[in-house]
Every structure is written in structure tokens, then in C-alpha cells.
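Okay, here's what each chain looks like letter by letter:
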Amino acid sequence: MAAPHLVPTPTSMTALPDAAFRIGSGAEITGDPAAVAALQRHLDPLPAAPSSGSIDLSVQAGGPAGSYRLAVGTASVAVTGADAAGLFAGIQTLTQLLAEGPDGWTIPAVRIDDAPRFAYRGVMLDVARHFHGVDTVKAYIDRASSLKFNVLHLHLSDDQGWRLEILSRPELTARAAATAVGGDAGGFYTQDDYREIVAYAAAHHMTVVPEIDVPGHTHAVSLAYPELSEQPVLSEHVQETVAQFGGGLPENGSAYEGMAVGFSSLKIHDEETSAFLRDVFAEVAALTPGPYLHFGGDEALGTDPADFAEFVARASALVVATGKTPIAWHEAGAADGLAPGTIGQYWGFVSPTDGMDDKTRRFVAGGGRVILSPADAIYLDMKFDAASPLGLTWANGPTSLRRAYEWDPATVIDGIGDAEILGVEAPLWTETVRDLADIDALAFPRIAAAAEAGWSAPFGATPERTWESFRTRVAALEPLWTRLGISFTPVAEGEPA
Ligand code: ACM
């Protein structure tokens, strides 16, 4: 029997010779009520047809966290999770197994034993460069959770806008949220909106990681609390970006609608800045049930290294004081006083340059672990090919689907293997991304490569973890993605190297 096509590819799968299980929208589903509801949503659109038996969805403690077993026979389907997250993951697999044939909808007879390689499997959505409302975020949660991602990192603040209501600092959303890149409309989440996102994510077994990016990427703060902001540093890079993409030079107190980075900073030494961070982090932490709070730390290009180190020490300690574990982009690893246990997020290339690997190793030396987000592989906002209208190219782009696939988390940074890696995250920056259709067109299919890097065996370790296998398996998901209304880029178009 040919094995069904699944992404991410499971730990083990045996195709059985038995006849397939026939299924229609009215199939009897028993077991865990939340899981029953989750599967029912996928079956509702199917035509009513007799099913060849019942489907049981249950949790049975025993296997590794997040793992599940799935058994499909001619007359029964059973999905057994080691925990609720594992059961949910098994339902996503079942959804990919549904196939339409001449006899209607069926699930092939198969046995699967599956467990995730990494505990943290994230996607990041930048809601600052362009704001994306609650419905769009929910749609991205649907998409990501269907590929077994379990973390949604929201980049909530940047030079172009502040996107989360902070009750103790009301000017942030009153004055600094109205616009976006290109002069497009901005927006922000009320605290109730944010709670709604967190709850929706939780129902899809995803944890929200909020990011408040400091000390750089903070021009928007100058519109709300100008006393906290340094003057913009108009480097050659900023001038070049303005020449290439327009948007004008940043000016404190005026909305920034361009795409330059690295020009803004909070005042490092002021007690007012510490008080601001304390207020903001306290509210974000209180709103967020997950264990992490990301404080950014990237591209503080105009900040003196000693000042940056002092700031990172303070910001990471303030996050710890809220009871959360800090996460920071890899640059923060340069700071001697970084709070022990801080998680480092590496966004350099698959082959590290400029000492980015040294900075990342320092998180591990401090008792933390590492999230891998190599920009030349899984930054989903890179163009697929030079002609694509969406996306950027600075990360050694264009980035083909094949490049997004052919790397392994454990071989990026010497000394950082599976034990030091918390997980993998695929960011989607939104300078050129205005709506869900744009998100879909850039993320799909490359998001599937990131899903496999986070969930499946190491690249090259099994016959399935090869480009040839992945290319076939990911293309086979296109009918499902069409049914789900995803405006994906066809696999064949994503291929040019
Ligand atoms: C980043 O891309 N500046 C994290």
C-alpha cells in the first residue's frame, strides 16, 4: 500500500491493506468533547453519507508530551492522545488523511505513532508594520495549528505602530496606532480583543507569546510619550532604505510609514523608561496565560553597546519580575547582565555570520535555550522568486520552497543541538503584507517546511525527510488548502531556486 501524504511527516506510519473507512458529515464521533467539536468542524462541510463505523477520540496518559496514536480500520477510527495537545495533533493528521474518491469520502486504513521533536513550534505574525485584526489572526491560528504549530508569537509594537491597549499608558493606542507602512490604516487590539485571541489560540492548543520590542523599533512610542524617546539615528542604512522604498525620514512625534530599521531608541538610562517598561510588561503579563514574554532587543543599531547591555539587563530582569520567562532576539545575547534562563531567538542565516552564533550560545551559557528562526530559510516574508509582487529579499532572498526545507535546526549553530533547542519559529514580517490573502500567498507552502523542521525527524534522517518526499507530500495538501479557503502559492510556483 502506498503511504498517505502527510505534513509534517509522522514518526512512524504503516499503510494497511484493509478497505478504507467511509465517512460523511453525520459520522458518529465519541470521546473527549473538545476534540469531538474540533473534528466535527472539519466534517461538517462533507456531504451527508453513511459512515462505516464510529470515530473515537480519547486521551490516555503514557506517551511523550504532545504525542498521539491513530488507528484507521475498515470499521473504526481511533485517535489516542497522550494529552489533549496530542489528541488535537492527531485530529489534524486525520484531517489530512480525508480523501475524496469515486465512492465518496474515505480515510485510508493506516496506523500512525507520532510525537513532536521540539516542544516549541511557532509562527510569528508582525501586526505592527501592517495591523491585522482579530479575524485575520484567528484564521492564521486555524492555518498554523493544522500543521501542528503550537505557538503564536505576536510582534505587537514597532516603529510604525503600537498595537495593544495598555490601560496605564493610554496614549500608546490613542496616538501611536493609527497608521501603518505606506500610510495604510493602522489599528490595535483592545485588551478584550487580545483575550479573545489568546482564548482562540488556546482552543487550538497554541500559546500566545507577546512581543514588546525594545529598546529599538520604538519610534511609535515617541508619538505617545515623547519624553521617553531618543532622536532618530539617520544612518547610511536608513538613508538607503528611504531612497529604495520611500516613506521619508523618521521624525519624532510624527507617524513613521517607511520600512527602515534601527533608527529609534528609548532613553536607556532614564528612570521614566524603567517605569514605562514596568507598567507595560505588567499588563502584558497579566493578559497572557503563557509562560513567555518577548522583549525584542534586535537591531538597536544606533545604541552604544555598553548602553545596550545595561538596557537588556534591566529589561530582562523586569520581565522576570512579572513571573514570565524572557525571550529576546539573538543580539541580546551580547549583554553580560542578561537575566539567567532568557530564551534566545536566532534570526541569522543557516550559516551564521558576524558572530551571531556567539551571541546565541550565550543564552545557553546563561541557562536558557534557543529558538531557531534562520532568516534565509523560514522568514516567510521573503519573496519566493524575484518576480513575486509580495515580499522582500534582504535575507539572501528570493527564498524557494526547497531552501525553506533543506536545513536542520541542530546543524545551524555549533554546540547547539536538540538539547539546547527549545524549538523552531517561522516569522512573517508584514511590510508588504496587507491582508489574509497576502499572508497566505507568502506563508503557503513554505510554512509547511517550517512545520516539518519543528515536528519531524531531523532533515535527511529518514526517506521522508528529503526534498523529493516533501515536495510530493506538500503538493498533495493543495486540495485540502483549497477546501479551507487558503490563498496559497502553488507548490510548482514556489520552486525556482
Ligand atoms: C529581526 O528580523 N529584526 C528579528
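All of these numbers come straight from a predicted model, not from anything done at the bench.

Enquirer: What exactly am I supposed to notice about the pattern of salt bridges here?
Expert: Oppositely charged side chains can pair when the atoms bearing their charge come close. Counting across every chain of the model gives 19 salt bridges. Bridged by salt links that share partners, the residues Asp126, Arg129, Asp158 and Glu431 form one connected network.

Enquirer: What is the right way to look at empty space enclosed by the protein in this model?
Expert: Here the idea is plain: a probe the size of a water molecule rolls over the atoms and shows the empty space left. Taken as a whole, this structure holds one cavity of 30 Å³ or more when the rule is applied. When its volume is computed, the largest cavity comes out at roughly 60 Å³. Elements represented by at least two residues in the lining of the largest cavity include exactly helix 2 (84–97) and helix 16 (478–483).

Enquirer: How should I be thinking about the sheet that holds strand 6 (residues 76–81) in this particular structure?
Expert: Consider a sheet: its strands pair through backbone hydrogen bonds, and that pairing is either parallel or antiparallel. The mixed open sheet is built from six strands, whose spatial order is 1-9-5-6-4-3. Because the sheet does not close on itself, it has two edges, and the strands there are strand 1 (12–15) and strand 3 (29–31). Within this sheet the neighbouring strands show an average axis-to-axis angle of 10 degrees, counted without direction. Of the strand pairs in this sheet, strand 5 (residues 68–72) and strand 6 are connected by five bridges, and their pairing is antiparallel. By the bridge assignment for strand 6, alanine 71 is matched with alanine 78. The strands that helix 2 touches are strand 4 (54–59), strand 5, strand 6 and strand 9 (110–114); relative to strand 5, the one it contacts most, it runs at about 35 degrees.

Enquirer: Looking at this structure, how should I read the pairing of strand 15 (residues 292–296)?
Expert: Side-chain positions along a regular strand alternate between the two faces of the sheet. Of all the five residues making up strand 15, five are buried; the element is thus mostly covered by neighbouring parts of the structure. Residues Tyr292, His294 and Gly296 point to one face of strand 15 and Leu293 and Phe295 to the other, with burial holding for every one of them. Both strand 14 (residues 207–214) and strand 15 contribute to a ladder of two bridges, which runs parallel. Directly across from glutamate 211, in strand 15, lies its bridge partner histidine 294. Sheet topology note: the strand 15/strand 16 (residues 325–329) ladder contains three bridges and is parallel. Among the inter-strand pairings, leucine 293 is bridged to a residue of strand 16, identified as proline 326. In the classification by handedness, the crossover that spans strand 15, the intervening helix 9 (residues 305–321) and the parallel strand 16 is right-handed.

Enquirer: Whenever I open this one, a negative patch on the surface confuses me. Can you help?
Expert: Residues Glu227, Glu230, Asp270 and Glu272 make up a contiguous surface patch of negative charge. As for its position among the elements, glutamate 230 is in the loop between helix 6 (221–224) and helix 7 (236–245).

Enquirer: Please clarify how unusual backbone geometry should be interpreted in this entry.
Expert: With the exception of glycine, most residues fall at negative phi, and the peptide bonds are largely trans. In this structure, proline 215 follows valine 214 across a cis peptide bond, with omega equal to 0 degrees. In this structure, proline 445 follows phenylalanine 444 across a cis peptide bond, with omega equal to 15 degrees. Looking at the element boundaries, proline 445 is found in the loop between helix 13 (436–443) and helix 14 (446–455). The phi angle at histidine 217 is positive, at roughly 55 degrees, despite the residue not being glycine. Take histidine 217: it is sitting in the loop between strand 14 and helix 6. The exposure class assigned to histidine 217 is buried, which follows from its relative accessible area of 2%.

Calculation criteria
Residues numbered from 1 in each chain as written. Predicted model: local features only at pLDDT ≥ 70, side-chain atom pairs only at ≥ 80, totals over all residues. Heavy atoms only, no water. Salt bridge = Lys/Arg side-chain N within 4 Å of Asp/Glu carboxyl O. 1 Å grid on protein atoms, 1.4 Å probe; cavity = no way out; pocket = protein on both sides within 12 Å on 5 of 7 lines; lining within 4 Å. Points joined across faces, edges and corners; volume = space filled by probe spheres on them. Helix = DSSP H or I, 4+ residues; strand = E, 2+ residues; numbered from the N terminus. Pairing = 2+ DSSP bridges. Axes fitted to C-alpha atoms, helices over the stretch in contact; angles between N-to-C directions. Contact = heavy atoms within 4.5 Å. Buried < 20%, exposed > 50% of the residue type's maximum accessible area, 1.4 Å probe, protein only. Right-handed = clockwise from strand over helix to strand, strands pointing away. Patch = residues over 30% accessible without salt bridge, like charges linked within 9 Å, V, L, I, M, F, W, Y side chains within 5 Å. Areas by Shrake-Rupley, 256 points an atom, 1.4 Å probe, with all protein chains shown as cover. Lys, Arg positive; Asp, Glu negative; His and termini not counted. Charge placed at Lys NZ, Arg CZ, Asp CG, Glu CD.

The values are spatial; any link to function lies outside them.
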